[in-house]
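The residues making up each chain are set out below.
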Amino acid sequence: MPRSPLRPAPLDRSRREFLRLAGATGLGVACSAAASPLRTPIAFAATPGENRLVVIVLRGAMDGLDVVAPYADPAYARLRPNLQRGPENGAVDLDGFFALHEKLSPLLPLWRSRELAFVHAVSTPYRDGRSHFDGQDVLETGAGDENALDDGWLNRALRVIPGAQTAAEVRYAMSIGRSSMLLLEGDAPAGSWAPSTRLNLGDDERGLLDRLYEKDPEFHAIAEEAFDISDSGMQGDRGRESGDTLAAFAADMLKGPSRIAAFSIGGWDTHRRQQQAIRRPLDELSKAVLTLREQLGDAWGKTAVVAITEFGRTARENGDRGTDHGTGGVVVLAGGAVKGGRIWNGPGAATFGGWPGLDDADLYRQRDLLPTDDLRRIPAWALVSLMGAPRSAVARSVFPGVDLGGDPGIFA
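How each quantity is defined
Residues numbered from 1 in each chain as written. Predicted model: local features only at pLDDT ≥ 70, side-chain atom pairs only at ≥ 80, totals over all residues. Heavy atoms only, no water. Core = buried A, V, L, I, M, F, W, Y, C linked by side-chain atoms within 4.5 Å. Buried < 20%, exposed > 50% of the residue type's maximum accessible area, 1.4 Å probe, protein only. Contact = heavy atoms within 4.5 Å. Helix = DSSP H or I, 4+ residues; strand = E, 2+ residues; numbered from the N terminus. pLDDT = per-residue confidence, 0-100. Axes fitted to C-alpha atoms, helices over the stretch in contact; angles between N-to-C directions. Left-handed = near helix turned anticlockwise from the far one by under 90°. Nonpolar A, V, L, I, M, F, W, Y, C, P; charged D, E, K, R; others polar. Salt bridge = Lys/Arg side-chain N within 4 Å of Asp/Glu carboxyl O. Pairing = 2+ DSSP bridges. Polar contact = N/O pair within 3.5 Å; in protein donor to acceptor, adjacent residues only side chain to side chain. Phe/Tyr/Trp six-rings, centres within 6.5 Å; stacked < 30°, edge-to-face > 60°. Lys NZ or Arg CZ within 6 Å of the ring centre and 35° of its normal.

## Some points on the nonpolar core
So, step 1. One finds Ile56, Val68, Phe118, Phe263, Leu285, Leu292 and Leu358 to be the most contacted residues of the largest nonpolar core, which totals 53 residues.
So, step 2. Apart from the residues lying within four places of it in its own chain, the contact partners of valine 68 are Leu94, Phe98, Ala99, Leu100, Phe118, His120, Val330 and Ile343.
So, step 3. By size, the runner-up hydrophobic cluster in this structure holds 45 residues, among which are Ile260, Ile308, Met387 and Val402.

This is the structure in structure tokens:
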């Protein structure tokens, strides 16, 4: 079985040295190794070109049938008498068949400018276990049914992108947030950055550290940045970074030498009172995407945002006016490097297998939205089309066993 993605991140040398020296002076540094706020850019890999890729993992299993609701499917209202969405109850019509949840309505300008798209009814090969931990492991390792992988597909991807390890101008990729991301773990050196974790130091301790590192520019700068972050008031709700905070840090890196960033947005496990529970994570996702667009500036035109979740949710609502763990879900795509303004596998579409329907006979095991295609094909083609990864290497070692098929043309 693959490892859980909830694991401490390895410290880079400067973080280890900073914490070791702080401990040697008797200072109480109230932060864990996995959540160190010290910004230490890690050289990860060089990537050719100017395209950017942002991967957002939506932890908790986002309900695609609520976010991009097939309100015109005749079976939809029957399956969800209390949770059905459509233009008549606040959702925003997209194409006469699907409606966008109103909490994502701030993204409508991107839809109109063809910088927002969706791929519905897709999933990883994970089936029937319905475990968040196992589903997220499969999502982040890129494993197939028969594979048990120990590293992340994004780590493996940067090993096959031409020039990634040899270019003179080193560019790096980092995961952002408190939790280590299996997506970026592997043999290639990688790092994570928790921008809102605090160092709880008193004035005396700060003065001592300042004197200690006064003649060491590297560690002095690291310590000062830690203090700045500690005092910045950027704590997210209940100690968690908000989506726009994470996106702002990602944009800052992507405007510099970085070309790839990854972070997570949680809160999608809506077993009860889904109408209320789903609003906060949707708001965070909307703000994260808009923050990326605003802060990336001209680089937004060469950026693809790929938001993925471990599995979808049941087609039928449950007795608590929520939904349970399911199978088929939706992928959210945004950015100037995305061919948007469409749901790529709506009714009548040949791409990604088309729309499976919601009649009982059409559902997976008569309970879930049937996946008509492999979710892994979407990030796989982002790597091929945008980052220059060889198609054969992506199919062989990044997403082992995936059938890439023909280029669906979703990335510019």
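## A closer look at helix H5 (residues 132–141)
So, step 1. By the criterion of burial, H5 is predominantly enclosed, with eight of the ten residues buried.
So, step 2. Turning to H5, its buried residues number three or more, namely His132, Gly135, Gln136, Asp137, Val138, Leu139, Glu140 and Thr141.
So, step 3. Residues of H5 that are buried make contact with strand S1 (52–58), helix H6 (153–157), strand S9 (303–309) and helix H13 (391–398).
So, step 4. The first or second residue beyond H5 is glycine 142, which carries a positive phi of 75°.

## Details of the confidence of the model for the chain
So, step 1. Looking at the chain, pLDDT values average 80 and 70% of them are 70 or higher.
So, step 2. In this model residues 1–46 is a low-confidence stretch, pLDDT under 50, and it forms 120 contacts with partners more than four residues away in sequence or in other chains.
So, step 3. Contacts of residues 166–171 to residues separated by more than four positions or lying in other chains number 14 contacts, the stretch itself having pLDDT below 50.

## A closer look at the packing of helix H12 (residues 377–387) against H13
Pairs of packed helices are described in terms of their axes, by the angle between the two and the distance that separates them.
So, step 1. Closest axis-to-axis distance for the H12/H13 pair is 9 Å, and the angle between their directions is 145°. Crossing of H12 against H13: the hand is right-handed. Along its contact with H12, which presents Ala380, Trp381, Leu383 and Val384, the element H13 presents Arg391, Val394 and Val398.
So, step 2. For the contact of H12 with H13, the class distribution of residues is six nonpolar, no polar and one charged.

## A short note on the pattern of salt bridges
So, step 1. A full pass over the atoms with the stated rule returns 22 salt bridges.
So, step 2. Between glutamate 102 and arginine 85 there is a salt bridge; the shortest N-O distance is 2.5 Å. Here the residue glutamate 102 occupies a position in the loop between strand S4 (99–100) and helix H4 (108–112), and arginine 85 occupies one in the loop between helix H3 (76–79) and strand S3 (92–93), the gap between them amounting to 17 residues.
So, step 3. The exposure class of arginine 85 is buried, given its relative accessible area of 5%.
So, step 4. Between aspartate 373 and arginine 377 there is a salt bridge, with the nearest N and O atoms lying 2.8 Å from each other. As far as the burial class goes, aspartate 373 and arginine 377 line up, both buried.
So, step 5. Among the charged side chains, a network of salt bridges with common partners joins Asp128, Arg130, Arg365, Arg367 and Asp368.

## So, the sheet that holds S4
So, step 1. Pairing is antiparallel across the open sheet formed by three strands, whose spatial order is S2-S4-S3. Since the sheet does not close on itself, it has two edges, and those belong to strand S2 (68–69) and S3, each with one partner.
So, step 2. As paired strands, S3 and S4 are joined by two bridges and run antiparallel to one another. Note on S4: the bridge partner recorded for valine 92 is leucine 100.

## Considerations on unusual backbone geometry
So, step 1. The backbone of arginine 365 shows a phi angle near 55°, a positive value even though the residue is not glycine.
So, step 2. Summarising the element assignment, arginine 365 is placed in the loop between strand S11 (342–343) and strand S12 (373–374).
So, step 3. By relative accessible area, arginine 365 is classed as exposed at 57%.
So, step 4. Positive phi outside glycine occurs at glutamine 366, with the angle close to 55°.
So, step 5. Within the secondary structure, glutamine 366 is located in the loop between S11 and S12.

## Topic: the pairing of S1
So, step 1. Taking burial as the measure, the seven residues of S1 include seven buried ones, the bulk of the element.
So, step 2. Burial along S1 is two-sided: the residues Arg52, Val54, Ile56 and Leu58 and Leu53, Val55 and Val57 are all buried.
So, step 3. Relative to S9, S1 runs parallel, the two sharing seven bridges. Bridged to valine 55 within S9 is valine 306.
So, step 4. Pairing between S1 and strand S8 (residues 260–265): six bridges, direction parallel.

## Things to note about the environment of aspartate 374
So, step 1. Along the chain, aspartate 374 falls in strand S12.
So, step 2. According to the relative accessible area criterion, aspartate 374 is buried, its value standing at 17%.
So, step 3. With 249 residues separating them along the chain, aspartate 374 and proline 125 place their C-alpha atoms 7.0 Å apart.
So, step 4. In contact with aspartate 374, other than residues within four places in its own chain, are Ser123, Thr124, Pro125 and Val402.
So, step 5. Within the local environment of aspartate 374, its side chain forms a polar contact with the side chain of arginine 376, the two groups lying 2.8 Å apart.

## Focus on the environment of proline 74
So, step 1. In this structure, proline 74 sits in the loop between S2 and H3.
So, step 2. Each C-alpha atom of the pair proline 74 and leucine 358 lies 7.9 Å from the other, and the pair is 284 residues apart in sequence.

## Notes on the packing of aromatic side chains
Note on aromatic pairs: each is described by the distance of the centres and the angle between the planes.
So, step 1. The final tally for this structure, using the stated rule, is six aromatic pairs.
So, step 2. When the ring of tyrosine 126 is compared with that of phenylalanine 311, the centres are 6.2 Å apart and the planes differ by 20°; the resulting orientation is stacked. Within this pair, whereas tyrosine 126 is found in the loop between strand S5 (116–123) and H5, its partner phenylalanine 311 is found in the loop between S9 and strand S10 (329–334), the two being separated by 185 residues in sequence. Comparing tyrosine 126 with phenylalanine 311 shows no difference in burial state: the two are buried.
So, step 3. These aromatic residues form a ring-pair network of at least three members: Phe97, Phe98 and Trp355.
So, step 4. Above the plane of the ring of tyrosine 364 lies arginine 127, whose end atom (NZ or CZ) is 5.9 Å from the centre.
So, step 5. Against the face of tryptophan 344 rests arginine 342, its NZ or CZ located 3.8 Å from the ring centre.

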